Amino acid sequence: MTDLLSPQPQRGGARPILVAGFAEAAWLGADERVETLDPVLAARRALVEGPIVCHAPATFRRLRSQRAPVADILELYAFVRPASFCLPTPRGIAQAMSLPLPDHAPLADQARLLAQATRALLGELAATTSKRRRVLGLANLMARAGWVWGPDVMKALEPGGPLSAQAGVAVWEDLPEWQDQAQEPAPSDLAVEPAETRRRLAELLGPQAEQRPQQADYAEALVPAFAPRPAEDSPNVVLAEAGTGVGKTLGYLAPAGLWAERNKGAVWISTFTRHLQNQIDQELDRLYPNPAAKASRVVLRKGRENYLCLLNLAEHSGPASLRTQDAIAFGLMARWTMATRDGDLAGGDLPGWLGDILGTSRIGNLADRRGECVYSACPHYGRCFIERSVRRARRADIVIANHALVMIQAALGAEDQRLPTRYVFDEGHHLFEAIDSAFAAHLTGQETIELRRWLLGGEGGGRASRARGLRRRVEDLILDDAGAIDLMRDIAEAARALPGDGWLQRLQDKRPNGAVESFLHALRQEVLARATDDAMGYGLEIDARPVNEHVLRSALTLDRELQRLQTPMRELAKRLAKRLDDDADVLDSNTRLRIDAIVRGITRRAESEVTAWRAMLQSLSAPMPPEFVDWFAIERVEGREFDVGFYRHYLDPTKPFIEAVAKPAHGVVVTSATLTDGSGSEAAWEAAGQRVGAPHLVTPALRVRVPSPFDYANQTRVFIVTDVPRTDGAQVAAAYRELFLAAGGGALGLFTAIARLREVHKRIAPALEQAGLDLLSQHVDAMSTASLIDVFRGERDACLLGTDAVRDGVDVPGPALRLIVFDRVPWPRPHLLHRARKSVFGGTEYDDQLVRLKLKQAFGRLIRRADDRGVFVLLDRQMPSRLLGAFPAEIKVERLGLAEVIEKTRAFLEPNRLR
């Protein structure tokens with residue numbers, strides 16, 4: 001057997017350990033001697049010797065080399081400790097395994113940590129007793145496929161006898177089955193009182209908690225949303241801005257929990273990011289300290305596309321599918337399936353870095369991304385994670401959802417046929433973005449090819465060939481219905497007019513195939529002819545009016561083709577729905593639910609998609625409807641085209657949101673630390689209300705503002721650098737470097753453009769590494785954004801570069817975040833949709849409000865608790881004074897030269913560095 005960590009002098013099978021930096025790499029040999037290597041030499045040796053590394057994609061990105069065959073310790077960790085989190089770094093693994101950690105770990109020490117962690121993991125595996133035979137079967141499967149850890153894992157498990165190639169594969173057989181229950185009655189509508197809300201909050205906090213009167217004021221202010229509504233279509237809406245540090249999560253959970261218990265109904269807590277979903281879930285431990293009680297009363301819900309589909313996993317387990325890396329990915333996902341709490345692939349107990357090392361597509365292909373579920377016809381239906389989650393949500397007190405799921409359920413109908421009556425929208429500043437996305441219509445190549453795959457299933461080789469088309473989902477339901485079989489045949493024939501694989505290349509080669517491709521080809525040619533801004537390889541867009549004759553003719557042809565598809569889809573949905581009535585006496589519950597789900601799926605696509613597309617096409621011969629913004633676009637990423645299409649958004653998307661979500665509800669809370677732009681004006685509140693649809697309410701929304709308890713004047717400093725030209729990349733990079741060094745790490749660098757981020761990273765990475773500071777970067781490191789933020793949060797002196805997603809996702813209390821540097825004023829990108837909304841919603845003031853909101857959100861990342869200290873620096877001397885309202889009024893914003901800002905930053909943060 002291969003001994004990966006033999007203490008003897010290195011020989012043929014023994015593996016060294018490699019930890020890579022940007023300027024150098026550490027190489028630990030089997031003789032325990034560490035060498036410092038140039039990255040180029042380290043990459044060459046790795047190709048030959050296949051060392052142990054931590055996070056192979058990031059390692060080879062730092063070595064600026066193609067990935068080589070190596071032993072990634074994260075794969076071993078995922079196998080030994082499935083559904084268990086660790087930071088994807090040597091220190092992170094050591095910390096998760098309770099190994100001794102040095103205060104500062106240079107590359108050589110990190111290599112030694114990996115050696116210790118590897119020994120510890122193999123020892124832990126050898127002691128495994130739970131489902132050992134199943135674990136052994138998976139290890140055998142992976143070893144046969146060439147898994148580099150296979151020999152050592154098999155040695156640790158000691159099989160003691162022969163194993164078949166398929167032993168241990170069917171992990172889904174071990175999962176518990178869910179049990180159906182009668183539908184819950186509609187909730188009562190008893191009010192919640194202010195005094196009892198304050199008492200509940202005190203109970204949640206406990207007697208030893210820090211007294212925060214602002215939090216109690218905030219909780220009480222939300223009570224009107226939990227009172228009976230005054231009239232139909234008149235929900236009680238509260239817009240609540242709670243400054244950072246108020247403690248809004250427990251603040252709204254106090255009245256929400258009271259209402260849910262009293263009325264036997266669910267309150268849906270909706271947020272924007274999966275990180276906050278998990279944070280809210282953790283906070284609910286206070287409300288439900290008994291894990292069993294919490295499991296029955298709290299459910300974390302996401303869309304179906306976020307969960308493991310057991311049928312997909314089973315279909316990946318056949319001998320033909322399990323080759324080399326696919327078998328390794330299957331084995332690691334099967335191990336996770338054995339341990340996961342709820343099958344959540346996106347932000348649950350699946351480590352985010354597993355997608356980095358296995359490939360996001362391998363994990364994504366295990367979810368039902370295209371609505372291909374066959375429901376009760378699935379052999380794994382009784383163990384399905386999704387169905388279990390849906391049923392638990394029906395009986396829960398608190399459902400933790402996300403904005404996108406709420407919009408889809410409201411617009412298309414809830415899976416359990418009943419919408420909640422109470423919502424709390426946390427991260428309310430993102431609500432407009434979610435609404436805009438949910439109610440938009442995009443007639444594009446990517447959207448239409450997805451419809452084809454949903455209807456026809458797989459048509460070629462590879463993963464796509466396993467996709468389940470509509471025929472497979474309904475065939476056993478229509479076996480004795482000749483009319484439905486004919487309709488299915490008509491749908492399949494019409495669907496072949498939709499784009500197939502290779503559609504984009506055909507457009508670029510000017511040889512479109514079919515009505516959709518012909519329309520997209522004509523549209524693409526029009527965009528190339530009329531677009532004026534081709535800078536930096538970004539996407540191109542033009543107004544959808546005026547329309548040339550070629551585009552118009554192809555649009556009319558496409559409309560007829562879509563009608564030919566839509567008509568049998570509608571008829572099939574009606575025919576299946578009729579069965580629910582005709583066969584009511586013989587259909588079992590699961591079959592009824594299955595038919596209902598299929599009908600909703602067909603209706604969603606026939607009405608929400610195809611009807612919207614046809615309306616768009618028919619409108620091209622007339623002026624643009626006043627409630628919409630239409631445009632044509634070629635979408636690009638880094639200069640490469642990936643989509644072409646016709647786009648329609650509501651000018652004010654909050655109108656359909658109020659109709660579909662707010663009016664059917666009885667009470668709605670929209671809350672955030674940054675609902676308003678910080679200017680303190682009446683106009684700021686009006687704009688905040690406008691972004692969530694308040695003007696369209698029958699009963700005016702209540703407004704609440706609870707200020708932050710933090711002492712910003714003493715805890716923070718805000719500087720605007722006046723002598724660094726924002727267009728000079730070298731000077732901007734030098735400013736980032738010196739500021740990060742002055743803070744001693746714990747720094748977040750924010751950028752308004754990816755190209756500038758990459759340029760700064762290239763210039764400053766070696767200097768920071770030489771100073772012992774780890775530099776992480778979105779769009780550079782081969783890690784997901786969530787993994788980067790996790791590492792940044794866990795490594796006290798790390799630095800992180802990122803764009804909007806990082807700005808919104810960072811929640812780092814303590815000295816791990818003590819400096820934020822923003823490259824320039826984050827003006828909105830002047831795309832056509834923004835131009836249209838700007839002209840309606842306030843012109844220049846609309847732009848200013850959006851900028852102040854972004855600055856306020858970025859500044860809000862800096863101070864997360866009462867003893868934090870932090871510095872915010874803007875490298876843009878053109879920052880207008882009218883935007884300074886984004887910062888707390890008690891802060892004096894100083895405009896200084898770079899050298900003085902560096903010195904003041906170093907002096908102010910010195911206490912942080914000593915903590």
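Look a little higher up for the structure.
Residues numbered from 1 in each chain as written. Predicted model: local features only at pLDDT ≥ 70, side-chain atom pairs only at ≥ 80, totals over all residues. Heavy atoms only, no water.

*Asks:* Just give me the short version of the nonpolar core, but keep the residues and values in it.
*Replies:* In this structure, Ile73, Phe79, Ile93, Val153, Trp172 and Leu354 are the most contacted members of the largest nonpolar core, which totals 67 residues. Top element by residues in this core is helix α5 (residues 107-126). It accounts for nine residues. Discounting residues that sit within four places of it in the chain, leucine 354 has contacts with Ala78, Leu332, Met333, Gly359 and Ile363. Counting residues in each nonpolar core, the second largest holds 59 residues, with Leu558, Leu587, Leu617 and Val644 among its members. (Core = buried A, V, L, I, M, F, W, Y, C linked by side-chain atoms within 4.5 Å. Buried < 20%, exposed > 50% of the residue type's maximum accessible area, 1.4 Å probe, protein only. Helix = DSSP H or I, 4+ residues; strand = E, 2+ residues; numbered from the N terminus. Contact = heavy atoms within 4.5 Å.)

*Asks:* Mind laying out the packing of helix α6 (residues 132-144) against helix α7 (residues 150-157), listing which residues take part and the relevant values?
*Replies:* The contact between α6 and α7 brings their axes to 9 Å, and the two run at 155°. As far as their axial angle goes, α7 and α6 are roughly antiparallel. Remark: the crossing between α6 and α7 carries left-handed chirality. Contacts from Arg132, Val135, Leu136, Ala139, Asn140 and Ala143 of α6 reach α7 at Gly150, Val153, Met154, Ala156 and Leu157. (Axes fitted to C-alpha atoms, helices over the stretch in contact; angles between N-to-C directions. Parallel < 35°, antiparallel > 145°, perpendicular 65-115°, else oblique. Left-handed = near helix turned anticlockwise from the far one by under 90°.)

*Asks:* An account of the pairing of strand β20 (residues 799-802) is requested, with residue identities and associated values reported.
*Replies:* Alternating positions in β20 separate into two faces, Cys799 and Leu801 on one and Leu800 and Gly802 on the other, with burial throughout. Looking at chain direction, strand β18 (residues 747-750) and β20 are connected through four bridges and run parallel. Following the sheet pairing, glycine 749 is matched in β20 by leucine 801. As judged from the three bridges shared by strand β19 (residues 775-777) and β20, these two strands associate in the parallel manner. Note on β20: the bridge partner recorded for leucine 776 is leucine 800. Following the backbone out of β19, through helix α32 (residues 785-794) and into the adjacent parallel β20, one traces a crossover that is right-handed. (Pairing = 2+ DSSP bridges. Right-handed = clockwise from strand over helix to strand, strands pointing away.)

*Asks:* Describe in detail unusual backbone geometry, supporting the description with residues and values.
*Replies:* Going from arginine 545 to proline 546, the amide bond is cis rather than trans, its omega being 0°. With respect to the helices and strands, the residue proline 546 is situated in the loop between β12 (540-543) and α25 (549-582). We note that histidine 779 has phi near 65°; this positive angle belongs to a residue other than glycine.

*Asks:* Please provide a residue-by-residue account of the packing of aromatic side chains, values included.
*Replies:* Following the criterion strictly, the structure yields 16 aromatic pairs and no others. An aromatic cluster of three or more residues is present, and its members are Phe710, Tyr712, Phe859, Phe872 and Phe887. Cation over ring: arginine 473 sits above tryptophan 454, and NZ or CZ is 4.3 Å from the ring centre. Its guanidinium or amino end placed over the ring of phenylalanine 908, arginine 869 lies 4.0 Å from that ring's centre, counting from NZ or CZ. (Phe/Tyr/Trp six-rings, centres within 6.5 Å; stacked < 30°, edge-to-face > 60°. Lys NZ or Arg CZ within 6 Å of the ring centre and 35° of its normal.)

*Asks:* Hey, could you go over the sheet that holds β12 for me, with residue numbers and the actual values?
*Replies:* The four strands lie next to each other as β11-β14-β13-β12, forming an open sheet whose pairing is antiparallel. Edge positions in the open sheet fall to β11 (441-444) and β12, since each of these has one partner strand only. Along the sheet, successive strands turn relative to each other by an average axial angle of 25°, direction set aside. Relative to strand β13 (residues 628-637), β12 runs antiparallel, the two being bridged by four bridges. Residue leucine 540 lies in a different strand from β13, and its bridge partner there is isoleucine 634.

*Asks:* Account for the pairing of β13, with residues named and values stated.
*Replies:* For β13, the tally of buried residues reaches eight of ten residues, placing the bulk of the element in the interior. What sits between the antiparallel neighbours β13 and strand β14 (residues 640-650) is a turn of two residues, in which glutamate 638 has the positive phi angle 50°.

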